Amino acid sequence: GGLFAAVAISSIRMARRRLSYETWYGIHLYAYLAIALGFLHQLFVGTDFIHDPVAVAYWVGLYVVAAGLVLAHRVLDPIRLNIRHRLRVASVVREGPGVFSIYVTGRELDRLAVRSGQYFVWRFLTRDGWWRGHPFSISSAPNGSWLRITVKELGDWSTRLQRMPVGTRVFVEGPYGILTGLKRTRQRVLLIAGGIGITPMRALLEALPARPGDLTLLYRVRHETDIVFRTELEALARIRGAQVQYLPGRRQPAPSGIDPLEPAGLQALVPDVRDRDVYVCGPVAMMEHVETSLRRLGLPGRQIHVERFAY
């Protein structure tokens, strides 16, 4: 019970904000131990099992199948993927103040089953980094030659990533995530990014099939200097006939004088927003605010696609 309580408490938003990803992840691994202990307790002292060998066999069979699936998909699949692709750091490039990209190369990347908008859990196999796994979206559409992630400097570990030596081996788990074109229901698409949430949006802007005028990106940042990928975004906008609008400031007014992420602001910026699929990625508070605004505009849940990286 105590182990399950620790997992539950660490999942509360206030607690998540105070814990490092490694601590949160380690606590959640104890859920496996709690399940195993609960299973053994039920098996050896549970009144339903003591005198019923058929029930025992059935219960043990269920746990064996579940354990086999966990082993296959959480352990063997990642090992197989990494042996096959042999990922390594190719270069580290500064993108802006406190933001940098890591380019990763490997074998047969054209056969790596990842889509724009998805993420991996990345481990850089240095002496003090092999045990640290962090979720990062790919920030460029898969091209068969390299993968790119873009990281915002938020602590000691992300600062160290900036100095990652070329050639460092990389171990990934995934890909994960639902923020892909597979969820699309409409021809026209609105992408809304906040801060470093631009990374999957940048990849989607490049990869989503679209006609000129179908794609619009709204990019919310605190200051103009926080805009990442400006040159790439504007080049993609020209090539794809997409529209990109930057929204600097916490409450930068839209042309109508309203917060652009409020219903009236979104309607003013994107008049046909109700007829679009909307993809959102950014800080949790911003995403919740945007979701509320979209629902107040009458968009059904099937048109709103959100990816949360707050563990």
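Residues numbered from 1 in each chain as written. Predicted model: local features only at pLDDT ≥ 70, side-chain atom pairs only at ≥ 80, totals over all residues. Heavy atoms only, no water.

Undergrad: Before we move on, could you go through helix α9 (residues 284-296) and cite the residues and values that matter?
TA: The terminal C-alpha atoms of α9 lie 18 Å apart, and with 13 residues this matches the ideal 18 Å at 1.5 Å per residue to within 8%. Every buried residue of α9 is listed here: V284, M286, M287, V290, E291, S293 and L294. The positive-phi residue at the C-terminal boundary of α9 is G298, with phi of around 100 degrees. (Helix = DSSP H or I, 4+ residues; strand = E, 2+ residues; numbered from the N terminus. Expected span 1.5 Å × (residues − 1). Buried < 20%, exposed > 50% of the residue type's maximum accessible area, 1.4 Å probe, protein only.)

Undergrad: With reference to specific residues and values, describe the sheet that holds strand β2 (residues 99-105).
TA: Read across the open sheet, the 3 strands follow the order β1-β2-β5; overall the sheet is antiparallel. Where the open sheet ends on each side, the last strands, each with one partner, are β1 (88-96) and β5 (147-152). Averaged over neighbouring strand pairs, the angle between their axes works out to 25 degrees when direction is ignored. Pairing of β1 with β2, which is carried by 7 bridges, proceeds in the antiparallel orientation. From the neighbouring strand, V93 faces β2, where its bridge partner is S101. (Pairing = 2+ DSSP bridges. Axes fitted to C-alpha atoms, helices over the stretch in contact; angles between N-to-C directions.)

Undergrad: Give a detailed account of the pattern of salt bridges, specifying residues and quantitative values.
TA: With the rule as written, the count across this model stands at 17 salt bridges. We note a salt bridge from E206 to R202, for which the minimum N-O separation is 2.6 Å. Of this pair, E206 and R202 both sit in helix α6 (residues 198-207), 4 residues apart, which is roughly one turn of the helix. A salt bridge links D214 to R211, with the shortest nitrogen-to-oxygen separation between them at 3.3 Å. Here R211 falls in the exposed class, since its relative accessible area comes to 52%. Three or more residues joined by partner-sharing salt bridges are found here, namely R188, R211, D214, D272 and R276. (Salt bridge = Lys/Arg side-chain N within 4 Å of Asp/Glu carboxyl O.)

Undergrad: Which residues make up unusual backbone geometry, and what are the values?
TA: The step from G174 to P175 runs through a cis peptide bond, and the omega angle for that step is 5 degrees. Looking at where P175 falls in the secondary structure, it is placed in strand β6 (residues 170-176). The residue R86 is not glycine, and still its phi comes out positive at about 45 degrees. Among the structural elements, R86 can be located in the loop between α4 (53-85) and β1. Owing to a relative accessible area of 45%, R86 belongs among the partly exposed residues under this scheme. For E108, which is not a glycine, the phi torsion comes out positive at approximately 50 degrees. Looking at where E108 falls in the secondary structure, it is placed in the loop between β2 and β3 (119-124). What makes E108 partly exposed here is its relative accessible area of 36%.

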